[in-house]
Amino acid sequence: MPTRERRRDAPGADPLARRVLEESADRVAPRLIGCRLVRELEGVRLVGVIVETEAYLGERDRAAHAFGGRRTPRNESMYGPAGTAYVYFTYGMHHCFNVVCAGVGIPQAVLVRAVMPAEGLEAMRARRFRGAADRALCSGPGKLCQAMAIDRALDGADLCVRGPVYLMPPAPGWTPGRVARDRRIGLGDVGAWGTRRLRWLVAASEFVSVGVRRRPGEIAKRNGPARRRRACDAGGDGGPDA
DNA sequence: CGTTCGATTTGCT
DNA sequence: GCAAATCGAACGC
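Quantities reported herein were computed from a predicted structural model and do not represent experimental measurements. (Residues numbered from 1 in each chain as written. Chains lettered and ligands numbered in written order. Predicted model: local features only at pLDDT ≥ 70, side-chain atom pairs only at ≥ 80, totals over all residues. Heavy atoms only, no water.)

## Examining the overall build of chain A
A tally of regular secondary structure across chain A gives four helices and eight strands. When the helices and strands of chain A are listed from N to C terminus, the series reads α-β-β-β-β-β-α-α-α-β-β-β. For chain A, the proportion of its 242 residues judged to be buried stands at 48%. Partitioning the intrachain contacts of chain A with sequence separation of at least 6 by distance along the chain shows that 63% fall at a separation of at least 24. Just so you have it, chain A exposes about 11,900 Å², and 50% of that area is on carbon and sulfur atoms. (Helix = DSSP H or I, 4+ residues; strand = E, 2+ residues; numbered from the N terminus. Buried < 20%, exposed > 50% of the residue type's maximum accessible area, 1.4 Å probe, protein only. Contact = heavy atoms within 4.5 Å. Areas by Shrake-Rupley, 256 points an atom, 1.4 Å probe, with all protein chains shown as cover.)

Below is the structure:
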């Protein structure tokens, strides 16, 4: 079981060292488990312990926004230095938060899919839907952005220095317990890239995402031509975790 | 409980 | 035009 009790940082503790992020996304993603995402608002401090991540491996990764060398204003920050925030807007209403890794010009990033709320729960609840349970506050990439007030305005922020949003190493004494691996969630038909186990999650945590559990290739089968109001996707999948 | 469906806008083909 | 690194409510059983 993950340690839930809060421990104090040493006075003046530093944010996560940038060198930790200057590696490929599949090496960084598991290392971000247990690190803390900190959001400083006026008068409020929101903190979540990262419990689920996904690696996106840049231009060769069919599931990545930078696949094939596609470089656009939207994903520009992914080409920046390690420690840069990449925040994008999708599905017409949700934001997703990523930690850029590797080096300048190498568009790799780690999507933070879920955090365990640790500080500022009241403010998080206020931003989420009415009556949201604690475990529903940040258990998904779109949810945590809503709860922690993360949007495109934070795209490009430096996560390795204290500011409106940044990362801290795991709290002293915090241990994740077993970390499970599984395939990434919500991808379209991306061939073999859809089955690679590029997602990491705290096995025993109740704060991980439920996941859309869509199978690879599922999206391609939806949306018949000229059938605007019938679009839908979903579909069972045993689901990962333990 | 599990599955279906609408929302809503951008970015790129 | 269309698909999207999603979410929550509405169904059906």
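## Details of the nonpolar core
One finds Leu21, Leu32, Phe97, Leu144 and Ile150 to be the most contacted residues of the largest nonpolar core, which totals 68 residues. Looking at this core element by element, the count peaks at seven residues for strand S5 (residues 108-119). Ignoring any residue separated from it by four or fewer positions in sequence, one finds isoleucine 150 in contact with Leu37, Arg39, Val87, His95, Phe97, Leu144 and Cys145. The next biggest cluster of nonpolar side chains, apart from the first, holds five residues, and it includes Ala13, Val38, Val47 and Tyr166. (Core = buried A, V, L, I, M, F, W, Y, C linked by side-chain atoms within 4.5 Å.)

## Remarks on a nonpolar patch on the surface
A grouping of Phe89, Tyr91 and Met93 is seen on the molecular surface, where their side chains present a nonpolar patch of about 370 Å² in accessible area. With respect to the helices, strands and loops of the structure, methionine 93 is situated in the loop between strand S3 (85-90) and strand S4 (94-101). (Patch = residues over 30% accessible without salt bridge, like charges linked within 9 Å, V, L, I, M, F, W, Y side chains within 5 Å. Salt bridge = Lys/Arg side-chain N within 4 Å of Asp/Glu carboxyl O.)

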